[in-house]
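Residue-level structural notes
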Amino acid sequence: MKQDLKDFSYYFDLSTFEHKAVFAQAEYIFDIIRILPEYIKECLKPEIKGTVMPGAFVDKHVFIGEGSIVQPGAWVRGPSIIGKSCEIRHGAYVGANTLAGDHVILGHASEIGNAIFLNGSRAPHFAFVGHSILGNSVNLGAGTKLSNSKVTFKEIEVNGIKTGLMKLGAIIGDQSSLGCNTVTQPATFIGKNVYGYPLALLRGF
């Protein structure tokens, strides 16, 4: 397990991800969550290249790539970077420090923040994604919640390793898919090509 925390290829193929450099700065995979805000701050060049529909709000410290669309009722806070051909659907709240690759869906009535979405990953409906990383083509079934805070509000440890984080959601590997209304406990690690049942409660590794 400790090796899997350092072997990022166990979870992700980063070859086509524009922002793979954020992973290069980390020792353990959970370090990326702590590094993410500074990485976005350094890389961000605010610009709207996509379409912001009437009734949507996009903060001034946001980059939206070509072909991406922000639907009415969505709110995108900065600093955040959204790639090409993404959908930010009606009613989505995209919080600070969101880093999305290309062809990503940030869905209807979903709350997202301090998270990385690799290319093609989807949180299409009623999701909560905080302090988490979704691999390539990951799909979250409707109502999925990636819980990121312990009920004790104490620092999160993983296999006896102090993370230095009060919030850590889920790390989900490429092509994995979770069923509707799945809940993951803080610090849940899911490898590639994992399929979850609806209504599942997932924890650990």
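This is a predicted model, so every value here is computed, not measured. (Residues numbered from 1 in each chain as written. Predicted model: local features only at pLDDT ≥ 70, side-chain atom pairs only at ≥ 80, totals over all residues. Heavy atoms only, no water.)

Here the focus is unusual backbone geometry. Note the cis peptide between glycine 78 and proline 79, where omega equals -5°. By the element assignment, proline 79 lies in the loop between strand S6 (75–76) and strand S7 (80–82). A positive phi angle, close to 55°, is found at serine 85, a residue other than glycine. Locating serine 85 in the fold gives a position in the loop between S7 and strand S8 (87–88). (Helix = DSSP H or I, 4+ residues; strand = E, 2+ residues; numbered from the N terminus.)

Let's shift gears to the sheet that holds strand S1 (residues 47–48). Taking strand neighbours across the sheet as the criterion, the eight strands line up as S1-S4-S7-S10-S13-S16-S21-S24 in an open arrangement whose pairing is parallel. Single-partner strands in this sheet number two, and they are S1 and strand S24 (188–190). Along the sheet, helix H3 (residues 31–43) makes contact with S7, strand S10 (98–100), strand S13 (115–117) and strand S16 (133–134), crossing S10 at roughly 80°. (Pairing = 2+ DSSP bridges. Contact = heavy atoms within 4.5 Å. Axes fitted to C-alpha atoms, helices over the stretch in contact; angles between N-to-C directions.)

In the structure shown here, the tally under the stated rule is four salt bridges. Between arginine 34 and aspartate 31 there is a salt bridge; the shortest N-O distance is 2.8 Å. One end of the pair is arginine 34 and the other is aspartate 31, both in helix H3 and three residues apart, which spans about a single turn. Classification of arginine 34 by relative accessible area gives partly exposed; the value is 42%. The class of aspartate 31 is buried, set by a relative accessible area of 8%. The salt bridge partner of glutamate 157 is lysine 162, with a shortest N-O separation of 3.0 Å. Lysine 162 sits in the exposed class, given a relative accessible area of 56%. (Salt bridge = Lys/Arg side-chain N within 4 Å of Asp/Glu carboxyl O. Buried < 20%, exposed > 50% of the residue type's maximum accessible area, 1.4 Å probe, protein only.)

What follows deals with the nonpolar core. Residues Phe23 and Ile116 are the most contacted members of the largest nonpolar core, which totals 32 residues. Contributing elements (two or more residues each) for this core: helix H2 (21–24) and H3. When residues in this core are grouped by element, the largest group, six residues, is from H3. Setting aside chain neighbours within four positions, we find phenylalanine 23 in contact with Phe8, Phe12, Leu14, Phe17, Ile32, Ile116, Leu118 and Ile133. Grouped together as the second largest cluster of nonpolar side chains are 29 residues, Val104, Ile112, Val138 and Leu140 included. (Core = buried A, V, L, I, M, F, W, Y, C linked by side-chain atoms within 4.5 Å.)

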